[in-house]
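Topology and contacts: notes
Each chain, letter by letter, is given below.
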Amino acid sequence: MAKPIHSKSKIRVPHLASCDGFTLIELLVVILILSLLVAIVAPRILGRTDEARKTAAQVQIKQLEGALNLFRLDNGFYPTTEQGLEALGMGMVYFSPG
């Protein structure tokens, strides 16, 4: 039969005193740096929504202009106010909840 092998080496357990954590000053410095980064980056990201709305409005105006020109080419005149967007095929789309 084989004899069990016993190791004579000791397992080192770190002492509580050697497990240093972060000091309050270090944590405050990190929080300060992160808050400065947020203060710099956040306005740039939030400012982009206005640019996106502006670009979307410009695209919609170009689409409306194109639809008006196509209507005039097909019919020889622009749609009247009474005909409105329905004449251009750009009427309101209603979604039924379902």
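Everything numeric here is computed off the predicted structure, so don't read it as measured data. (Residues numbered from 1 in each chain as written. Predicted model: local features only at pLDDT ≥ 70, side-chain atom pairs only at ≥ 80, totals over all residues. Heavy atoms only, no water.)

Moving on: the overall build of the protein. Looking only at helices and strands, one finds 1 helix and 0 strands in the protein. Carbon and sulfur atoms make up 66% of the accessible area of the protein, which amounts to about 9800 Å² in all. (Helix = DSSP H or I, 4+ residues; strand = E, 2+ residues; numbered from the N terminus. Areas by Shrake-Rupley, 256 points an atom, 1.4 Å probe, with all protein chains shown as cover.)

We now examine the packing of aromatic side chains. One pass over the full model with this rule turns up 1 aromatic pair. For the ring pair Phe 71 and Phe 77, a centre distance of 5.7 Å and an interplane angle of 85° mean the geometry is edge-to-face. The exposure class assigned to Phe 71 is buried, which follows from its relative accessible area of 11%. For Phe 77, a relative accessible area of 41% puts it in the partly exposed group. (Phe/Tyr/Trp six-rings, centres within 6.5 Å; stacked < 30°, edge-to-face > 60°. Buried < 20%, exposed > 50% of the residue type's maximum accessible area, 1.4 Å probe, protein only.)

With that settled, the discussion passes to the pattern of salt bridges. In the structure shown here, the tally under the stated rule is 2 salt bridges. Notably, a salt bridge pairs Arg 48 with Glu 51, separated by 3.9 Å at the nearest N-O pair. With a gap of 3 residues between them, Arg 48 and Glu 51 both fall in helix α1 (residues 24-75), about one helical turn apart. When the shortest N-O distance is used, the salt bridge between Asp 50 and Arg 53 registers 3.9 Å. Here Asp 50 pairs with Arg 53, and both are found in helix α1, just 3 residues apart, close to one helical turn. (Salt bridge = Lys/Arg side-chain N within 4 Å of Asp/Glu carboxyl O.)

Over its 52 residues, α1 extends 76 Å from the first C-alpha to the last, a length consistent with the 76 Å expected when each residue adds 1.5 Å. Of all the bends in α1, the largest measures some 30° and sits at Val 41, one to four residues before the proline Pro 43. Following α1 by one or two positions, Gly 76 adopts a phi angle in the positive range, close to 85°. (Expected span 1.5 Å × (residues − 1). Bend = angle between axes of the 7 residues up to and from the residue.)

Another aspect to go through is the confidence of the model for the protein. Model confidence for the protein is summarised by a mean pLDDT of 77, while 71% of its residues fall at 70 or above. pLDDT under 50 marks residues 93-98. Its contacts with residues more than four places away, or in other chains, come to 0 contacts. (pLDDT = per-residue confidence, 0-100. Contact = heavy atoms within 4.5 Å.)

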